[in-house]
Amino acid sequence: QQQVKQSPQSLIVQKGGISIINCAYENTAFDYFPWYQQFPGKGPALLIAIRPDVSEKKEGRFTISFNKSAKQFSLHIMDSQPGDSATYFCAASILTGGGNKLTFGTGTQLKVEL
Amino acid sequence: NAGVTQTPKFQVLKTGQSMTLQCAQDMNHEYMSWYRQDPGMGLRLIHYSVGAGITDQGEVPNGYNVSRSTTEDFPLRLLSAAPSQTSVYFCASSYVAGGSYNEQFFGPGTRLTVL
(Lines give C-alpha, C1' and ligand atoms only; values in the text may rest on other atoms or scores of the structure.)
Protein backbone atom coordinates (compact mmCIF):
# COMPACT_ATOMS: atom_id res chain seq x y z
CA GLN A 1 0.00 0.00 0.00
CA GLN A 2 1.52 3.25 -1.17
CA GLN A 3 1.09 5.68 1.71
CA VAL A 4 2.39 8.63 -0.30
CA LYS A 5 1.20 8.90 -3.89
CA GLN A 6 3.12 11.12 -6.29
CA SER A 7 2.32 12.41 -9.76
CA PRO A 8 3.23 12.81 -12.52
CA GLN A 9 5.83 10.12 -13.06
CA SER A 10 7.65 12.34 -15.55
CA LEU A 11 7.42 15.96 -16.57
CA ILE A 12 8.89 18.05 -19.36
CA VAL A 13 8.90 21.81 -18.92
CA GLN A 14 10.31 24.60 -21.04
CA LYS A 15 13.01 26.82 -19.59
CA GLY A 16 11.39 29.59 -17.62
CA GLY A 17 8.18 27.67 -17.06
CA ILE A 18 6.59 26.41 -13.86
CA SER A 19 7.06 22.79 -12.81
CA ILE A 20 4.37 21.34 -10.55
CA ILE A 21 4.59 17.99 -8.79
CA ASN A 22 1.76 16.70 -6.65
CA CYS A 23 1.64 14.32 -3.70
CA ALA A 24 -1.15 12.89 -1.59
CA TYR A 25 -0.90 11.01 1.67
CA GLU A 26 -3.23 8.77 3.64
CA ASN A 27 -1.81 8.59 7.15
CA THR A 28 -3.00 11.61 9.12
CA ALA A 29 -0.26 10.97 11.69
CA PHE A 30 2.31 12.30 9.22
CA ASP A 31 3.41 15.72 10.39
CA TYR A 32 6.48 16.58 8.37
CA PHE A 33 6.71 16.68 4.59
CA PRO A 34 10.12 17.07 2.93
CA TRP A 35 10.98 17.11 -0.75
CA TYR A 36 14.18 15.52 -1.98
CA GLN A 37 16.07 16.21 -5.20
CA GLN A 38 18.19 13.53 -6.83
CA PHE A 39 20.60 13.95 -9.72
CA PRO A 40 21.68 10.91 -11.78
CA GLY A 41 24.24 8.80 -9.97
CA LYS A 42 23.83 10.71 -6.72
CA GLY A 43 21.94 10.21 -3.49
CA PRO A 44 18.84 12.26 -2.72
CA ALA A 45 19.34 15.62 -1.04
CA LEU A 46 16.85 17.63 1.00
CA LEU A 47 15.39 20.47 -1.06
CA ILE A 48 12.64 22.00 1.05
CA ALA A 49 10.24 20.83 3.75
CA ILE A 50 6.99 21.89 5.42
CA ARG A 51 4.98 21.15 8.53
CA PRO A 52 1.17 20.95 8.30
CA ASP A 53 0.58 24.01 10.46
CA VAL A 54 1.44 26.24 7.49
CA SER A 55 -0.13 26.26 4.04
CA GLU A 56 2.87 27.43 2.05
CA LYS A 57 6.64 27.61 2.30
CA LYS A 58 8.89 29.32 -0.18
CA GLU A 59 12.64 29.08 -0.62
CA GLY A 60 13.93 30.89 -3.65
CA ARG A 61 12.26 29.45 -6.76
CA PHE A 62 10.89 26.46 -4.85
CA THR A 63 7.50 26.56 -3.08
CA ILE A 64 5.59 23.89 -1.20
CA SER A 65 1.81 24.27 -1.04
CA PHE A 66 0.06 22.23 1.63
CA ASN A 67 -3.65 21.37 1.91
CA LYS A 68 -4.22 19.56 5.19
CA SER A 69 -7.93 18.91 4.69
CA ALA A 70 -7.31 17.31 1.30
CA LYS A 71 -4.18 15.55 2.52
CA GLN A 72 -2.26 16.87 -0.44
CA PHE A 73 0.91 18.85 -0.97
CA SER A 74 2.75 20.02 -4.02
CA LEU A 75 6.09 21.38 -5.16
CA HIS A 76 6.20 24.34 -7.49
CA ILE A 77 9.42 25.26 -9.26
CA MET A 78 9.21 28.76 -10.69
CA ASP A 79 11.33 29.89 -13.62
CA SER A 80 12.49 26.32 -14.19
CA GLN A 81 16.07 25.94 -15.39
CA PRO A 82 17.90 23.11 -17.17
CA GLY A 83 19.92 22.65 -13.96
CA ASP A 84 16.66 21.69 -12.22
CA SER A 85 16.47 18.55 -14.36
CA ALA A 86 16.47 15.79 -11.76
CA THR A 87 14.22 13.31 -10.02
CA TYR A 88 12.08 14.75 -7.24
CA PHE A 89 10.66 12.75 -4.36
CA CYS A 90 8.07 13.86 -1.89
CA ALA A 91 8.18 12.20 1.50
CA ALA A 92 6.40 12.14 4.83
CA SER A 93 7.51 11.54 8.38
CA ILE A 94 6.11 11.30 11.88
CA LEU A 95 7.93 13.42 14.43
CA THR A 96 8.01 11.08 17.38
CA GLY A 97 11.17 10.84 19.42
CA GLY A 98 13.86 9.71 17.04
CA GLY A 99 11.21 9.74 14.35
CA ASN A 100 13.28 10.20 11.22
CA LYS A 101 11.72 7.39 9.24
CA LEU A 102 10.72 8.63 5.83
CA THR A 103 7.96 7.31 3.60
CA PHE A 104 8.71 8.32 0.03
CA GLY A 105 6.56 8.89 -3.01
CA THR A 106 7.46 7.11 -6.23
CA GLY A 107 9.36 10.04 -7.73
CA THR A 108 8.97 12.47 -10.64
CA GLN A 109 11.59 12.74 -13.34
CA LEU A 110 11.75 16.39 -14.40
CA LYS A 111 13.38 17.54 -17.60
CA VAL A 112 13.69 21.23 -18.32
CA GLU A 113 14.26 21.93 -22.00
CA LEU A 114 15.89 24.99 -23.52
CA ASN B 1 33.97 15.85 6.54
CA ALA B 2 33.44 13.03 4.09
CA GLY B 3 29.75 12.82 5.04
CA VAL B 4 28.11 9.47 4.28
CA THR B 5 30.27 7.05 2.33
CA GLN B 6 29.23 3.76 0.77
CA THR B 7 31.26 0.93 -0.70
CA PRO B 8 31.29 -0.63 -3.16
CA LYS B 9 29.77 1.65 -5.80
CA PHE B 10 28.84 -1.26 -8.07
CA GLN B 11 28.50 -4.98 -7.40
CA VAL B 12 27.38 -8.00 -9.39
CA LEU B 13 26.44 -11.15 -7.50
CA LYS B 14 25.19 -14.57 -8.45
CA THR B 15 22.04 -15.92 -6.87
CA GLY B 16 22.82 -17.39 -3.47
CA GLN B 17 25.99 -15.44 -2.86
CA SER B 18 26.38 -13.31 0.21
CA MET B 19 27.87 -9.87 0.60
CA THR B 20 28.02 -6.84 2.85
CA LEU B 21 27.33 -3.30 1.75
CA GLN B 22 29.34 -0.86 3.79
CA CYS B 23 28.16 2.48 5.09
CA ALA B 24 30.06 4.94 7.23
CA GLN B 25 29.44 8.49 8.41
CA ASP B 26 31.73 10.96 10.15
CA MET B 27 29.11 13.39 11.44
CA ASN B 28 28.50 11.63 14.76
CA HIS B 29 24.89 10.98 13.76
CA GLU B 30 22.87 8.67 15.97
CA TYR B 31 20.36 7.69 13.30
CA MET B 32 21.37 5.58 10.31
CA SER B 33 19.21 3.82 7.79
CA TRP B 34 19.22 1.79 4.60
CA TYR B 35 16.88 2.32 1.68
CA ARG B 36 16.51 0.57 -1.62
CA GLN B 37 15.48 2.44 -4.76
CA ASP B 38 13.63 0.67 -7.52
CA PRO B 39 12.11 2.18 -10.68
CA GLY B 40 8.57 3.36 -10.11
CA MET B 41 8.69 2.57 -6.38
CA GLY B 42 10.65 5.40 -4.86
CA LEU B 43 12.88 4.68 -1.88
CA ARG B 44 11.80 2.08 0.64
CA LEU B 45 13.21 1.71 4.13
CA ILE B 46 14.95 -1.61 4.81
CA HIS B 47 16.42 -1.25 8.31
CA TYR B 48 17.33 1.60 10.60
CA SER B 49 19.23 2.27 13.80
CA VAL B 50 18.89 5.00 16.42
CA GLY B 51 22.26 4.27 18.02
CA ALA B 52 24.99 1.71 18.54
CA GLY B 53 23.50 -1.64 19.47
CA ILE B 54 19.96 -0.65 18.45
CA THR B 55 18.42 -1.67 15.14
CA ASP B 56 14.90 -2.13 13.85
CA GLN B 57 13.09 -3.20 10.71
CA GLY B 58 11.69 -0.90 8.10
CA GLU B 59 9.20 -1.52 5.34
CA VAL B 60 11.11 -4.20 3.37
CA PRO B 61 13.50 -6.02 5.75
CA ASN B 62 13.26 -9.59 4.41
CA GLY B 63 16.55 -10.95 3.09
CA TYR B 64 18.66 -8.31 4.82
CA ASN B 65 20.49 -8.17 8.14
CA VAL B 66 22.08 -5.23 9.90
CA SER B 67 24.11 -4.55 13.01
CA ARG B 68 25.40 -1.36 14.60
CA SER B 69 28.49 -1.89 16.70
CA THR B 70 29.78 1.68 16.39
CA THR B 71 28.20 5.09 15.83
CA GLU B 72 30.05 5.47 12.54
CA ASP B 73 29.27 2.23 10.72
CA PHE B 74 26.06 0.53 9.64
CA PRO B 75 26.68 -2.42 7.29
CA LEU B 76 23.89 -4.15 5.38
CA ARG B 77 24.25 -7.89 4.84
CA LEU B 78 22.65 -9.99 2.13
CA LEU B 79 22.95 -13.59 3.32
CA SER B 80 21.72 -15.29 0.13
CA ALA B 81 21.25 -12.87 -2.73
CA ALA B 82 18.18 -13.15 -4.95
CA PRO B 83 17.41 -11.44 -8.28
CA SER B 84 14.65 -9.51 -6.49
CA GLN B 85 17.37 -7.73 -4.54
CA THR B 86 18.72 -6.10 -7.68
CA SER B 87 18.44 -2.44 -6.80
CA VAL B 88 20.27 0.73 -5.85
CA TYR B 89 20.93 0.89 -2.14
CA PHE B 90 21.28 4.12 -0.22
CA CYS B 91 22.51 4.66 3.29
CA ALA B 92 21.44 7.77 5.18
CA SER B 93 22.22 9.33 8.53
CA SER B 94 20.96 12.13 10.76
CA TYR B 95 20.88 13.45 14.29
CA VAL B 96 18.07 12.35 16.57
CA ALA B 97 16.07 14.96 18.43
CA GLY B 98 12.56 14.33 19.67
CA GLY B 99 9.89 16.60 18.30
CA SER B 100 11.82 17.94 15.37
CA TYR B 101 12.85 16.57 12.04
CA ASN B 102 16.53 16.15 11.43
CA GLU B 103 17.72 16.27 7.85
CA GLN B 104 18.86 12.92 6.57
CA PHE B 105 22.07 12.94 4.57
CA PHE B 106 22.30 10.28 1.90
CA GLY B 107 25.34 8.46 0.60
CA PRO B 108 26.10 8.10 -3.12
CA GLY B 109 24.54 4.64 -3.37
CA THR B 110 25.56 1.11 -4.28
CA ARG B 111 24.18 -0.36 -7.50
CA LEU B 112 23.69 -4.09 -6.98
CA THR B 113 22.85 -6.61 -9.68
CA VAL B 114 21.98 -10.19 -8.79
CA LEU B 115 22.12 -12.63 -11.68
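Residues numbered from 1 in each chain as written. Chains lettered and ligands numbered in written order. Predicted model: local features only at pLDDT ≥ 70, side-chain atom pairs only at ≥ 80, totals over all residues. Heavy atoms only, no water.

## Side note on the pairing of strand E9 (residues 86-93) of chain A
Residues and elements named next belong to chain A. Threshold: With a 1.4 Å probe rolled over the protein chains alone, any residue whose accessible area is under 20% of its type maximum counts as buried; one over 50% counts as exposed, and the rest are partly exposed. Note on conventions: DSSP H or I runs of at least 4 residues are helices, E runs of at least 2 residues are strands, and numbering of each starts at the N terminus. A strand pair is defined by DSSP finding two or more bridges across the two strands.
Across the eight residues that make up E9, a large majority, eight, are buried. Neither face of E9 is left uncovered, since the one carrying Ala86, Tyr88, Cys90 and Ala92 and the one carrying Thr87, Phe89, Ala91 and Ser93 both have all their residues buried. In terms of strand pairing, strand E4 (residues 33-38) meets E9 through four bridges, oriented antiparallel. Its bridge partner being in E9, tyrosine 36 is matched across the sheet by phenylalanine 89. Pairing between E9 and strand E11 (residues 108-113): three bridges, direction antiparallel. Along E11, the bridge assignment pairs threonine 87 with glutamine 109. Pairing analysis gives three bridges linking E9 to strand E10 (residues 102-104), with the strands arranged antiparallel. Across the sheet, the residue bridging to alanine 92 is threonine 103, located in E10.

## A look at the state of the cysteines
All names here are of chain A. Stated formally: By disulfide we mean two sulfur atoms from cysteines, separated by a distance within 2.5 Å.
Tallied over the full model, the rule gives two disulfides over all chains. One disulfide bridge connects cysteine 23 with cysteine 90, the sulfur atoms lying 1.9 Å from each other. Residues cysteine 23 and cysteine 90 share a disulfide whose torsion about the S-S bond is about -95°; that sign makes it left-handed. With cysteine 23 in strand E3 (residues 19-25) and cysteine 90 in strand E9, the pair connects residues that are 67 residues apart, well separated along the chain.

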